[in-house]
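Listed here are the chains, written in short residue letters.
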Amino acid sequence: MQPAILTQAPRCQAKTLAGTLCQAPAVSGRRRCRMHGRTNPGPPIGNRNAWKHGARSAEKRALLATIRELDRF
Ligand SMILES: [Zn+2]
């Protein structure tokens, strides 16, 4: 018996040698099962290479804005 998470998973749509659909549970976040999916998941999500030093990150900008606001008094 499969765990509930596998019975609810989307089914693999790969075509088998017999011509039918595989229909094994797809790997989480993917559209194919563990036998039919490839190992390379593709490029990483987001532009991680744009990060240089974080001086203009949302976190740092919010901190500087707070300091500027407090500095007025
Ligand atoms: Zn499959």
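Residues numbered from 1 in each chain as written. Predicted model: local features only at pLDDT ≥ 70, side-chain atom pairs only at ≥ 80, totals over all residues. Heavy atoms only, no water.

Undergrad: Please explain the pattern of salt bridges as it appears in this structure.
TA: Oppositely charged side chains are able to pair whenever their charged atoms sit close together. All chains considered together, the criterion is met by one salt bridge. Residue Glu-69 pairs with Arg-72 through a salt bridge whose shortest N-O separation is 3.0 Å. Residue Glu-69 is classed as partly exposed on the basis of its relative accessible area of 40%. What makes Arg-72 exposed here is its relative accessible area of 62%. (Salt bridge = Lys/Arg side-chain N within 4 Å of Asp/Glu carboxyl O. Buried < 20%, exposed > 50% of the residue type's maximum accessible area, 1.4 Å probe, protein only.)

Undergrad: When you look at the coordination of the zinc ion in this model, what are you seeing that I'm missing?
TA: For a metal with four tetrahedral donors the ideal donor-metal-donor angle is 109.5 degrees, whereas six octahedral donors ideally subtend 90 or 180 degrees. Within the protein, Cys-12 (SG), Cys-22 (SG), Cys-33 (SG) and His-36 (ND1) serve as the donor atoms for the zinc ion, at 2.0 to 2.3 Å. The coordination sphere of the zinc ion comprises four donor atoms, whose angles at the metal cover 101 to 113°; the geometry is tetrahedral. Counting gaps between the donor residues of the zinc ion yields the pattern C-x9-C-x10-C-x2-H. Taken together, the positions of Cys-12 in the loop between α1 (4-7) and α2 (58-71) and His-36 in the loop between α1 and α2 put the pair 24 residues apart, joining distant regions of the chain. (Donors = N, O, S within 2.8 Å, 3.2 Å for Na, K, Ca; no water. Tetrahedral: all angles 85-135°; square planar, octahedral: opposite > 155°, others 65-115°. Helix = DSSP H or I, 4+ residues; strand = E, 2+ residues; numbered from the N terminus.)

Undergrad: Whenever I open this one, unusual backbone geometry confuses me. Can you help?
TA: Peptide bonds are, in most cases, trans, and in most cases residues other than glycine have a negative phi. We note that Gln-23 has phi near 65°; this positive angle belongs to a residue other than glycine. Along the chain, the position of Gln-23 falls in the loop between α1 and α2.

Undergrad: Looking at this structure, I do not really get the environment of Thr-20. What am I missing?
TA: By the secondary structure assignment, Thr-20 is in the loop between α1 and α2. Judged by relative accessible area, which is 45%, Thr-20 ranks as partly exposed. If sequence neighbours within four positions are ignored, Thr-20 has contacts with Ala-14 and Lys-15. (Contact = heavy atoms within 4.5 Å.)

Undergrad: Please clarify how a nonpolar patch on the surface should be interpreted in this entry.
TA: Taken together, the side chains of Leu-63, Leu-64 and Ile-67 present a nonpolar region at the surface, about 260 Å² in accessible area. Looking at where Leu-63 falls in the secondary structure, it is placed in helix α2. (Patch = residues over 30% accessible without salt bridge, like charges linked within 9 Å, V, L, I, M, F, W, Y side chains within 5 Å. Areas by Shrake-Rupley, 256 points an atom, 1.4 Å probe, with all protein chains shown as cover.)

Undergrad: How should the environment of Ala-4 be read in this particular structure?
TA: Along the chain, the position of Ala-4 falls in helix α1. On the basis of relative accessibility, which here comes to 48%, the residue Ala-4 falls in the partly exposed class. Note: C-alpha distance between Ala-4 and Gly-42 (38 residues apart in sequence) is 28 Å.

Undergrad: I keep staring at the environment of Ile-5 and nothing clicks. Help me out?
TA: Note that Ile-5 resides in helix α1. A sequence separation of 20 residues divides Ile-5 from Pro-25, and the C-alpha atoms of the two residues are 9.3 Å apart.

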